[in-house]
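Structural features, examined
Take a look at the letters that make up each chain.
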Amino acid sequence: MEEINALLHGFSVALTPQNVMLMFLGITLGVIIGVLPGLGGANGVAILLPLTFSMSPTSAIIMLSCIYWGALFGGAITSVLFNIPGEPWSVATTFDGYPMAQQGRAGEALTGAFTSSFVGALVAVLMFTFLAPLVASFALQFGPPEFFSVYLLTFCSFVGTGKGNPFKIVAAMMLGFAMAAVGIDIVTGQLRLTFGFTELLSGFHFLVAVIGLFGVGEILLSMEEGLSFSGHTAKINPKIVLETWKKLPRYWATSIRSCIIGCWMGIIPGGATPASFMSYGVARKVSKDGHKFGTGQLEGVVAPETAAHAAGTSALLPMITLGIPGSPTAAVLLGGLLIWGLQPGPLLFVEQKDFVWGLIASMYLGNIAGLIVVLTMVPLFAAILRVPFPIIAPVIVVICAIGAFTVKNNMLDVWLMIVFGVVGYLFKKLDYPLAPMVLALVLGDSAESAFRQSMLISQGDMGVFFSNWLVGSLTGLALIALFWPLISATLGRLRLAARRS
Amino acid sequence: MRSVPVDLVVAAIIFFLGALVVWESHQLGSSWGSDGPQAGYFPFYIGSFICVCCIVVFVQALMQLKSDRKVFVTAGQLKKVMVILLPSTAYVLGIQLIGIYVPSALFIGLFMRFVGKYGWLRSAVVGGAVSIISFVLFEIWFKIPLPKGPLERLFGF
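The following refers to the structure shown.

What counts, and where the lines are drawn
- Residues numbered from 1 in each chain as written.
- Chains lettered and ligands numbered in written order.
- Predicted model: local features only at pLDDT ≥ 70, side-chain atom pairs only at ≥ 80, totals over all residues.
- Heavy atoms only, no water.
- Helix = DSSP H or I, 4+ residues; strand = E, 2+ residues; numbered from the N terminus.
- Rg over C-alpha atoms; globule rule 2.2 N^0.38 Å.
- Buried < 20%, exposed > 50% of the residue type's maximum accessible area, 1.4 Å probe, protein only.
- Lys, Arg positive; Asp, Glu negative; His and termini not counted.
- Charge placed at Lys NZ, Arg CZ, Asp CG, Glu CD.
- Contact = heavy atoms within 4.5 Å.
- Areas by Shrake-Rupley, 256 points an atom, 1.4 Å probe, with all protein chains shown as cover.
- Expected span 1.5 Å × (residues − 1).
- Arc of directions from axis to C-beta.
- Salt bridge = Lys/Arg side-chain N within 4 Å of Asp/Glu carboxyl O.
- Patch = residues over 30% accessible without salt bridge, like charges linked within 9 Å, V, L, I, M, F, W, Y side chains within 5 Å.
- Buried area = accessible area lost by both parts, 1.4 Å probe.
- Disulfide = S-S within 2.5 Å.
- Phe/Tyr/Trp six-rings, centres within 6.5 Å; stacked < 30°, edge-to-face > 60°.
- Core = buried A, V, L, I, M, F, W, Y, C linked by side-chain atoms within 4.5 Å.
- Polar contact = N/O pair within 3.5 Å; in protein donor to acceptor, adjacent residues only side chain to side chain.

1. Considering the overall build of chain A
Looking only at helices and strands, chain A has 22 helices and two strands in total. Radius of gyration (C-alpha) of chain A: 22 Å, near the 23 Å computed for a compact globule of 501 residues. Principal-axis analysis of the C-alpha atoms places the extent of chain A at approximately 70 × 65 × 55 Å. The 501 residues of chain A split such that 62% are buried. Across chain A, 24 positive and 22 negative side-chain charges occur, with their mean positions spaced 15 Å apart.

Here it is as structure tokens:
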């Protein structure tokens, strides 16, 4: 019951006219960001972060998290109408969403996508409301070794759930850690990896990296593909919405499954993208219409959208309770909290009750606002997409440059943005994943200090990471995740051998 | 351009960066000092991991050098990428020299004119509008100063 009271208090914090206005502004900006190529959730929030420095932290997080919900909603619009996923997590939505648009059922597909996004988010927020305080109070007992093992688990999960070459995943991740180490060492005060450049004294700022890697890199990729938008028009009127809503309850089983997959993949840092693919795959296997998937099945839109939105929402749970973000966008939000002077982690629930419960309340309200905005304004957003690329591309570069500059009012960052853009382009093409790199850059310092403190406690003995059942099982899980590609390959070979004999 | 040679080059570059991290960490002291781990203790391992992973990636790519014919980027695609990358770099240089607002307007306007083949008038209007809107938004509304040059000084900013 304590949670309900706290939540009601949160609603009173979030429901001021100013905050509600920021909510709608955030959602609208978010959908635009989600719709435009080259502007995604992570770098959209990164670019807009400096604008919030003068707001109160609660208003700021409400607006920024609403941008995030908006981007999650927006990805579906381009997938269905243009067969171009606006965001990586809406790739799976194109499989059935675009065929539906080709058959003139774009309105139905969009209503289905938005509604299931909403359902996914709602379930994840409900879980968040009741699980987050528990996780936080549990995590209050964590010492440095426990925190380091959670970091370890986070990063090893990237190897375990990633589809690419595990060595490239680890290389990208370690590169992020190396970049995080640049600058003044927080413990000894020594300069590290600056090679005599005073500009590197304060290190690489992850916001600049995010803007370059995801923003400029994405523009380079879009240019290469020679994007030309030719899409279907969508008419959404109350009649279509109601008719689709009548059909949706039929897919309750798919919805529940997708919610579970999404929440799980969001908490462990798999993220929204793998969650949407996994959910689509499972739905195709289990559904009795599975063989028709890919030809324009509403169920094929419901499954990935529910999971993506549930994962995107629950990625905030480890971010708020442990200070460990589950996705690049959550990492950017975490960076925002640090800038506003809030230390994410279990203590946040004790010391900043207004902030935490205001945020949770805004998750409920933001998603309702989001559903209203997207259902009523689809034609407008589709019109934005028809703005030709030769106009959009330089405008986005300009926005990115402004964003990179405002991080520290430093010209070097704008140059770094271009460098990161080229790196992002190369890495995308060569299958080096960007998400673990960004997360490592954000968490590098905290992970390192947790590691050093643990080493101090144990006087250099690695055994400290197995010293009690909690830290031992976390480290054990991390190691399983790290070697999962090897384990699953061996299991597969064993199974094959067993079948042969 | 084929994909595998690019893979080899990138792996070699990252290996070099990793080796740099290892070397620098060693210089700082990567072992156990009188009061605990030294500054290079953690980065030393990070650098080592980078090196090991890149060697593996390099060898993997080397083994595919003959067999894998996947194309990294065609000449036409590379040209398209350069069409945005080179002007963007020039734009950043422009920001460095004369502030952000004039280069923004020029960048958007010229890009529309020469890449998008729009008329001069429309290009100038869009470029100018984006610049003026961002000026009002940042300098006046949010009071966030962006780089300014001679033109802005002329108007007293």
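There is more to say, and it comes next.
2. Side note on the overall build of chain B
When you go through chain B residue by residue, the secondary structure sums to six helices and two strands. Its helices and strands in sequence order give chain B the pattern α-β-β-α-α-α-α-α, from N to C terminus. Taken over C-alpha atoms, the radius of gyration comes to 24 Å for chain B, far larger than the 15 Å a tight globule of 157 residues would show. With the C-alpha coordinates of chain B rotated into their principal frame, the extents come out at 60 × 55 × 20 Å. Expressed as a percentage of the 157 residues in chain B, the buried residues total 42%. Once local pairs closer than 6 in sequence are excluded, the contacts in chain B between residues at least 24 apart make up 56%. Accessible surface computed for chain B: about 8,600 Å², of which carbon and sulfur atoms make up 74%. Charged side chains in chain B number 12 positive and 6 negative. The centres of these two groups are separated by 20 Å.

3. Quick word on helix 12 (residues 272–286) of chain A
All names here are of chain A. The terminal C-alpha atoms of helix 12 lie 21 Å apart, and with 15 residues this matches the ideal 21 Å at 1.5 Å per residue to within 8%. Those residues of helix 12 that sit buried are Ala272, Ala275, Ser276, Ser279, Tyr280 and Ala283. Projected down its long axis, helix 12 shows its buried positions confined to an angular sector of 130 degrees, all on one face. Considering only its buried residues, helix 12 is in contact with helix 5 (91–102), helix 11 (252–267) and helix 13 (298–314).

4. A few points about the pattern of salt bridges
One pass over the structure, following the stated rule, counts ten salt bridges over all chains. Here Glu108 of chain A makes a salt bridge to Lys247 of chain A, at a shortest N to O gap of 2.8 Å. Here the residue Glu108 of chain A occupies a position in helix 6 (residues 106–139), and Lys247 of chain A occupies one in helix 10 (residues 238–247), the gap between them amounting to 139 residues. We classify Glu108 of chain A as buried; its relative accessible area is 11%. A salt bridge links Lys148 of chain B to Glu139 of chain B, with the nearest nitrogen and oxygen atoms 2.9 Å apart. A single salt-bridge network, built from bridges that share partners, covers Asp185, Arg192, Glu448 and Arg452 of chain A.

5. Some points on a nonpolar patch on the surface
All names here are of chain B. A surface patch of nonpolar side chains, amounting to about 760 Å² of accessible area, comprises Ile132, Val136, Ile140, Leu151, Leu154, Phe155 and Phe157. Within the residue set of the nonpolar patch, elements represented by two or more residues are helix 5 (120–141) and helix 6 (150–154). Here the element with the most residues in the nonpolar patch is helix 5; it accounts for three residues. Mapped onto the secondary structure, Leu154 falls in helix 6.

6. Structural notes on unusual backbone geometry
At Asn409 of chain A, a position not held by glycine, the phi torsion is positive, near 50 degrees. As for its position among the elements, Asn409 of chain A is in the loop between helix 18 (389–408) and helix 19 (411–430). Unlike most non-glycine residues, Lys117 of chain B shows phi in positive territory, near 60 degrees. By the secondary structure assignment, Lys117 of chain B is in the loop between helix 4 (101–114) and helix 5. Taking the relative accessible area as the measure of exposure, Lys117 of chain B reaches 64% and is therefore exposed.

7. Side note on the interface of chain B and chain A
Between chain B and chain A, the contact holds 60 residues from the first and 57 residues from the second. Roughly 5,300 Å² is buried in total at the junction of chain B and chain A, and carbon and sulfur atoms are behind 81% of that figure. The largest share of the area that chain B buries against chain A comes from Phe42, Phe72 and Val92 of chain B, three residues that together contribute 12% of it. Applying the counting criterion to the chain B and chain A interface returns one salt bridge. The salt bridge involving Asp7 of chain B is made with Lys168 of chain A; its shortest N-O contact spans 3.1 Å.

8. Some thoughts on the state of the cysteines
Enumeration according to the criterion identifies zero disulfides over all chains in this entry. There is no disulfide at Cys263 of chain A, and the cysteine sulfur nearest it, in Cys259 of chain A, is 6.2 Å away.

9. What to know about the packing of aromatic side chains
By the definition in use, this model includes 24 aromatic pairs over all chains. An angle of 55 degrees between the planes, with centres 5.5 Å apart, marks the rings of Tyr280 of chain A and Phe293 of chain A as tilted. Of the two residues, Tyr280 of chain A sits in helix 12 while Phe293 of chain A sits in the loop between helix 12 and helix 13, which places them 13 residues apart along the sequence. Overall, Phe293 of chain A belongs to the buried group, its relative accessible area being 9%. Centroid distance Tyr101 of chain B to Phe135 of chain B: 4.9 Å. Interplanar angle 70 degrees. Geometry classified as edge-to-face. You can see Tyr101 of chain B sitting in helix 4 and its partner Phe135 of chain B sitting in helix 5, a full 34 residues away along the chain.

10. Side note on the nonpolar core
In terms of nonpolar packing, the biggest core is built from 208 residues, with Phe114, Phe177, Leu316, Val332, Met417 and Tyr432 of chain A together with Ile84 of chain B touching the most fellow members. Element by element, the count of residues in this core is highest for helix 17 (residues 353–385) of chain A, at 18 residues. In contact with Phe177 of chain A, other than residues within four places in its own chain, are Phe155, Ala440, Gly444 and Ala447 of chain A together with Phe42 and Ile46 of chain B. In this structure, Ala92, Tyr280, Phe293 and Ala303 of chain A belong to the second largest nonpolar core, which totals five residues.

11. Points about the side chain of Ser134 of chain B
Among the secondary structure elements, Ser134 of chain B is positioned in helix 5. Classification of Ser134 of chain B as buried rests on a relative accessible area of 9%. Looking at Ser134 of chain B, its side chain comes within polar contact range of the main-chain oxygen of Val130 of chain B, at 2.7 Å. Among the polar contacts made by the side chain of Ser134 of chain B, one reaches the main-chain carbonyl oxygen of Ser131 of chain B at a distance of 3.1 Å. With sequence-adjacent residues up to four places away left out, Ser134 of chain B is seen in contact with Ile402 of chain A together with Tyr101 and Glu139 of chain B.

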